[in-house]
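Results of the structural survey
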Amino acid sequence: MIKRLNCGQKEIDLTQPQVMGVLNVTPDSFSDGGKFIKPERAIQHAQKMVAAGAAIIDIGGESTRPGAAEVAVDDELRRVVPVIEALVGEIPVPVSVDTSKPEVMLAAVEAGASMVNDVRALREPGTLEAAVEINVPVCLMHMQGQPRTMQSNPQYNDVVSDIIHFLRQRIDAVLDAGISKENIVLDPGFGFGKTTAHNYTMLREFKRFTEMGFPLLAGLSRKSMIGAILDNPVEERMPASVALAVLVAERGANIIRVHDVKETVDGLKMLEAMQNLEN
Ligand code: 8Y7
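Residues numbered from 1 in each chain as written. Predicted model: local features only at pLDDT ≥ 70, side-chain atom pairs only at ≥ 80, totals over all residues. Heavy atoms only, no water.

Let's talk about the sheet that holds strand β5 (residues 95-98)
The strand order across the open sheet built from eight strands is β8-β7-β6-β5-β4-β3-β10-β9, with neighbouring strands paired in parallel fashion. The open sheet has two free edges, formed respectively by β8 (184-187) and β9 (217-219), since each of these has just one partner strand. Here the strands of the sheet are splayed against their neighbours by 25° on average, with no regard to which way each runs. Sheet topology places strand β3 (residues 18-23) next to strand β10 (residues 255-258); four bridges connect them, and they run parallel. Following the sheet pairing, Gln18 is matched in β10 by Ile255. Where helix α5 (residues 159-177) meets the sheet, its contacts fall on β7 (138-141) and β8, and the angle it forms with β8 comes to roughly 160°. (Pairing = 2+ DSSP bridges. Helix = DSSP H or I, 4+ residues; strand = E, 2+ residues; numbered from the N terminus. Axes fitted to C-alpha atoms, helices over the stretch in contact; angles between N-to-C directions. Contact = heavy atoms within 4.5 Å.)

The structure is reproduced here in structure tokens:
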């Protein structure tokens with residue numbers, strides 16, 4: 001497995017699990033007219049995550065939560081590009097753009113992003129060509145169905161085998177298109193067209209994904225697989241999110257995508273201590 005990712009001028013060391021911080025750019029009370037977040041707020045939040053130990057900042061302008069509607073390309077561009085432009089000079093770590101649209105991939109990298117996080121694994125028209133053009137690491141995630149309907153009736157023969165089969169097909173497709181091997185990151189996509197039992201099987205058997213020989217990204221932060229067990233709201237899921245982050249890192253995940261960076265970094269330090277300190 002490749003032990004580092006080359007994000008333009010910036011490198012990510014994968015000899016230890018790293019944290020990807022989710023940058024919230026969804027409209028909130030701090031945003032201007034309710035439609036876009038102010039770049040200053042986004043920079044503050046990103047800087048806080050970097051200070052807490054984030055190795056990558058992931059910024060996305062399309063909600064991929066279950067049931068979410070699709071976003072028009074112009075809206076996504078208007079939301080994401082100004083924030084990336086403002087952000088890249090202010091933080092020392094790579095910025096990843098969470099998108100499935102070729103126009104957004106190209107514009108985001110032009111604006112200074114140096115990784116692509118695509119929950120649709122470069123299956124949308126034009127995205128393979130865009131990814132070849134920009135030549136940055138790209139995360140290929142497994143999703144069954146589309147966000148709007150993916151949780152209605154997810155079905156697998158063997159969830160881990162089926163996901164590995166899908167990811168192998170995507171690896172072949174992106175290599176055929178001319179994407180370099182060093183730029184591939186894989187993600188089984190917790191919560192994306194999976195039942196609670198599918199998600200816990202993926203976690204329990206996560207080591208099997210390492211057999212593909214590529215860096216692995218995993219996102220479990222605040223997801224419904226936690227709520228399903230604890231019956232609690234999203235804002236109370238941080239401690240369980242840290243527990244799952246440590247479990248998935250112990251099973252071979254290289255990059256953990258989280259909202260609560262400081263707490264996750266502390267948890268991962270415990271794993272590192274256990275693995276490295278001996279008498
Ligand atoms: C994931 C993700 C989300 C994930 C990757 C959420 C954008 C839903 N989850 N990208 N994105 N992996 N690669 O709850 O698990 O954060 S959005």
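Brief notes about the site of the ligand
What surrounds the ligand is a group of 14 residues, the closest being Asp98, Asn117, Asp187, Lys223 and Arg257. Lys223 places a polar side-chain atom, nitrogen or oxygen, 2.7 Å from an oxygen atom of the ligand. Protein contacts shield 94% of the accessible area of the ligand, which totals 410 Å² for the unbound molecule. Counting atoms within 2 Å of the grid points, the majority share of the ligand lands in the largest pocket. Taken together, the elements giving at least two residues each to the shell around the ligand come down to β7 and β9. (Near = heavy atom within 4 Å. Polar contact = N/O pair within 3.5 Å; in protein donor to acceptor, adjacent residues only side chain to side chain. Areas by Shrake-Rupley, 256 points an atom, 1.4 Å probe, with all protein chains shown as cover. 1 Å grid on protein atoms, 1.4 Å probe; cavity = no way out; pocket = protein on both sides within 12 Å on 5 of 7 lines; lining within 4 Å. Sits in = over half its atoms within 2 Å of the grid points.)

Considerations on the packing of helix α3 (residues 102-110) against helix α4 (residues 127-134)
Each packed pair of helices is defined by two parameters, the angle between the axes and the distance between the axes. Put simply, α3 and α4 touch, their axes get as near as 8 Å, and they point 15° apart. In this view, α3 runs roughly parallel relative to α4, as classed from their interaxial angle. Classified by chirality, the crossing of α4 by α3 is right-handed. Here Pro102, Met105, Leu106 and Val109 of α3 come into contact with α4, specifically with Thr127, Ala130, Glu133 and Ile134. Residue composition of the contact of α3 with α4, by class: six nonpolar, one polar and one charged. (Parallel < 35°, antiparallel > 145°, perpendicular 65-115°, else oblique. Left-handed = near helix turned anticlockwise from the far one by under 90°. Nonpolar A, V, L, I, M, F, W, Y, C, P; charged D, E, K, R; others polar.)

Concerning helix α9 (residues 261-276)
Taking 1.5 Å of rise per residue, the 16 residues of α9 would be expected to cover 22 Å, and the 22 Å separating its terminal C-alpha atoms lies within 8% of that figure. In the core, the buried residues of α9 are packed alongside β3, α1 (39-51), α8 (238-250) and β10. (Expected span 1.5 Å × (residues − 1).)

What about unusual backbone geometry?
With the exception of glycine, most residues fall at negative phi, and the peptide bonds are largely trans. In this structure, Ala121 is a non-glycine residue whose phi angle is positive, near 55°. Summarising the element assignment, Ala121 is placed in the loop between β6 (115-118) and α4. Even without being glycine, Arg222 reaches a positive phi, approximately 60°. Tracing the sequence through the fold places Arg222 in the loop between β9 and α7 (224-230).

As for the pairing of β10
One ladder, built from three bridges, connects β9 with β10; its direction is parallel. Directly across from Gly219, in β10, lies its bridge partner Arg257.

Topic: α1
In a regular helix each residue adds 1.5 Å, so 13 residues correspond to 18 Å; α1 covers 18 Å between its end C-alpha atoms and thus fits that length. All of the buried residues along α1 are Ala42, Ile43, Ala46, Met49 and Val50. Buried residues in α1, looked at end-on, bunch into an arc of 125°, giving them a common side. Residues of α1 that are exposed and angled more than 90 degrees away from the buried face: Lys48 and Ala51. Of the surrounding elements, those touching the buried residues of α1 are β3, β4 (56-60), α2 (73-88) and α9. Just downstream of α1, Gly53 is the residue with a positive phi angle, here 115°. (Buried < 20%, exposed > 50% of the residue type's maximum accessible area, 1.4 Å probe, protein only. Arc of directions from axis to C-beta.)

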